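Analysis of the macromolecular model
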Amino acid sequence: MASDKKFEPTNPTVKWIEDRLPIFGLIYNTLGAGYDAPRNLNYWWNFGVLAGFMMVVQIITGIILAMHYIPDITVAFDNVQHIKRDVNYGWLIQTIHANGASMFFIVVYVHILRGFYFGSYKAPREILWFLGVIIYLLMMATGFMGYVLPWGQMSFWGAKVITSLFSAFDFIPFIGDGLVEWLWGGFAVGQPTLNRFYSLHYLLPFILVGVVILHIWALHIPGSTNPLGIDAKGPYDKIPFHPYYTAKDAFGLGVFIIFFAIFVFYAPDFLGHPDNYIKANPLVTPVHIVPEWYYLPFYAILRAIPDKLLGVIAMFSSILVLFVMPWLDGSNIRSMRFRPLSKFFFWLFVINGIFLGYLGQRAPDDIVAMDTTALVFAQFATAFYFTYFLIIMPLVSRMETTKPVPTSIAASVLEANKKG
Amino acid sequence: MTTHNEVVEERRNFLYIATGAAGIVAAGATAWPLVDQMNPSKDVLALSSIEVDLNAIALGHTAVFLWRGNPVFIRHRTPAEITEARADDTADLVDPQRDEDRVQKAEWLIMSGVCTHLGCVPIDQKGDFGGWYCPCHGSHYDISGRIRKGPAPRNLPIVKYAFLNDTTVKIG
């Protein structure tokens, strides 16, 4: 850990414990006054803490829901209604958990895009970035299995479609053919599937916690980046995390909780799908099947490719490509504030991502605009998605004319103050 | 001449490899039950057949039955549909198969109702080829259940079945 100051307790009890297990010092140097962070962090740096907060919310509400939920296909659907109607405050806890998944993804998406914009994936933070991508993959797996548990129509068919993705690998000798049945524990999604998803939905968040601890550990080796993307050089570039950023994060957290509460109390089903209030029926697929909003861009990529195996490969690649980002981007400047062309393409990438999400919830044959179907638009948007990573990023980052970078964080802050 | 030390070293290397190999085999043998427990259990495998009375299915209609957790389509095809299916034998097929090879009796098409793309249930009598249309990702099947257009790679599979008599069929 890049401990800037040593923890020196004055309280004799704390000192006695600290001499035997330096746990207070660990907290002090991670989230306390002992961790010096760049003095110019803006509110985009709030979202890591918000993601950590959502993880805790999901684990607490999830453990409580597990006290009432029964993973049995004959009762699971009604059981969720029992939790919402009969269990004391069950309506509140279930709604927080269901909407909390969306909130977790919102803050994580902002956190990831913050990393894109300010070059947080660049040296020496590559492993920090990898751990982040692993956290994201674990979140997707956990969120998917959690959505299956209420055993509604979307739960069931979402589970069927996503597990069937693995049938694209049936060409693999020995394991290919039985892979999907192995996942299901039968010949279709059924009782064994629900049971094991419940088990894994409970397990994965704790693995996630482990990876988050590694993520924070890796963060504290070089320390946080900052909006300028230049390394903090001396004490005048930094301020203690506590009280400065604890206060800033607390304010951001308050604003975020208000946003969260609007969904929980006023629009609890806004982010859900009405078909999930119909009990799972293995004989009828909903006419319009869509995943949760946070998977939509990837779902659009899957459907954009007319070949089954290639579609599955494209979908997985669209996330795995994040692992090579530190090398695709060859610029020696981190922040896009000084990279105007990269900035332009970044925002194009964000708009394209939102557009892919929009296309993901339309039927493939829908005419979206100009006599063109959602499928064709999705093919263009998918092409841009990969072009951004594989062509635009390597070329632009190495060739563009950058703006002058300030000599230090302090110099930049003083300059801004002079302008008033 | 081999020295005492060289002999010791050789023996030690042999023991390293032997121990390592035994360890890997043991770890694999231990892991297998942990992996195999997720495969379909014996009671799931035992639920293997259903019997269907065909009298209830009118000409030109499709009935759907649940077999091993999945839908099975039984279509009572009209002569026109059979003619159409046979005529399409020579069409440009993604997964070429003759209609003759997909049925035991031409008027009874008995096949899986699970789209070979990602497992949804195709909708009866919809799509561009007068057969089935999968709403999830837009695969079109013809009246013989063959894939004609869309992302699905294969025809709707023919399930194992046998006619017990003229009006009863056993699936599985």
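Further up the page is the structure itself.
All of the points below concern the structure found in this document.

What counts as what
Residues numbered from 1 in each chain as written. Chains lettered and ligands numbered in written order. Predicted model: local features only at pLDDT ≥ 70, side-chain atom pairs only at ≥ 80, totals over all residues. Heavy atoms only, no water. Helix = DSSP H or I, 4+ residues; strand = E, 2+ residues; numbered from the N terminus. Rg over C-alpha atoms; globule rule 2.2 N^0.38 Å. Buried < 20%, exposed > 50% of the residue type's maximum accessible area, 1.4 Å probe, protein only. Contact = heavy atoms within 4.5 Å. Areas by Shrake-Rupley, 256 points an atom, 1.4 Å probe, with all protein chains shown as cover. Lys, Arg positive; Asp, Glu negative; His and termini not counted. Charge placed at Lys NZ, Arg CZ, Asp CG, Glu CD. Disulfide = S-S within 2.5 Å. Buried area = accessible area lost by both parts, 1.4 Å probe. Salt bridge = Lys/Arg side-chain N within 4 Å of Asp/Glu carboxyl O.

Comments concerning the overall build of chain B
- Along chain B, the regular secondary structure elements total 3 helices and 10 strands.
- A globule of 172 residues ought to have a C-alpha radius of gyration of about 16 Å, yet chain B, at 26 Å, is considerably larger.
- In terms of overall dimensions, chain B has C-alpha extents of about 90 × 35 × 30 Å along its principal axes.
- Out of the 172 residues in chain B, the part that is buried amounts to 40%.
- Contacts in chain B between residues at least 24 apart in sequence constitute 51% of all its contacts with a sequence separation of at least 6.
- Only carbon and sulfur atoms are counted for the fraction: they give 59% of the accessible area of chain B, which is about 9400 Å².
- Positive and negative side-chain charges of chain B, numbering 17 and 21 respectively, have mean locations separated by a distance of 2 Å.

Points about the overall build of chain A
- When its secondary structure is counted, chain A shows 16 helices and 4 strands.
- Computed over the C-alpha atoms, the radius of gyration of chain A is 24 Å, within 12% of the 22 Å expected from 2.2 N^0.38 for a compact globule of 420 residues.
- Taken along the three principal axes of its C-alpha coordinates, chain A extends 65 × 60 × 45 Å.
- Per-residue burial for chain A yields a buried fraction of 50% across its 420 residues.
- Considering only intrachain contacts with a sequence separation of at least 6, the fraction spanning at least 24 residues in chain A is 80%.
- As presented, chain A carries roughly 20200 Å² of accessible surface, and 72% of it is formed by carbon and sulfur atoms.
- Side-chain charges in chain A split into 27 positive and 25 negative, and the spacing between the mean points of these groups amounts to 10 Å.

Some details on the state of the cysteines
Residue and element names in this part refer to chain B.
- Tallied over the entire structure, the rule returns 1 disulfide over all chains.
- One disulfide bridge connects Cys120 with Cys136, the sulfur atoms lying 2.0 Å from each other. Between Cys120 and Cys136, the S-S dihedral sits near -95 degrees, and the bridge is therefore left-handed. Here Cys136 lies in the loop between strand 6 (130-134) and strand 7 (139-142) and Cys120 lies in the loop between strand 4 (108-112) and strand 5 (123-124), a separation of 16 residues in the sequence. Summarising the burial analysis for this pair, Cys120 and Cys136 share the class buried.
- Sulfur of Cys115: no disulfide; nearest cysteine sulfur belongs to Cys134 and is 3.8 Å away.
- Among the residues examined, Cys115 registers a relative accessible area of 3% and is labelled buried.
- Judged by its relative accessible area of 2%, Cys134 is buried.

Quick word on the interface of chain A and chain B
- The interface of chain A with chain B comprises 28 residues on the first partner and 30 residues on the second.
- Taking both sides of the interface into account, the surface hidden between chain A and chain B amounts to around 2400 Å²; carbon and sulfur atoms contribute 63%.
- For the interface between chain A and chain B, the tally reads 0 salt bridges.
- For the side of chain A that touches chain B, the secondary-structure elements that each account for two or more residues are helix 7 (153-164), helix 8 (179-184) and helix 11 (296-304) of chain A.
- The dominant element in the side of chain A that touches chain B, judged by the number of residues it contributes, is helix 7 of chain A, at 4 residues.

Digging into the pattern of salt bridges
- A complete count under the given rule lists 16 salt bridges over all chains for this structure.
- Here A:Asp231 ties to A:Arg334 by a salt bridge, and the two come within 3.1 Å at their closest N and O atoms. One end of the pair, A:Asp231, is in the loop between helix 9 (191-220) and strand 2 (238-240); the other, A:Arg334, is in the loop between helix 13 (325-328) and helix 14 (340-360), with 103 residues separating them in the sequence.
- Across the pair B:Lys149 and B:Asp128 runs a salt bridge, and its minimum N-O distance is 2.9 Å. Of this pair, B:Lys149 sits in strand 8 (residues 147-149) while B:Asp128 sits in the loop between strand 5 and strand 6, placing them 21 residues apart in sequence.
- By relative accessible area, which is 40% here, B:Lys149 ends up partly exposed.
- Connected through shared salt-bridge partners, B:Asp88, B:Asp89, B:Asp142, B:Arg146 and B:Arg148 make up one network.

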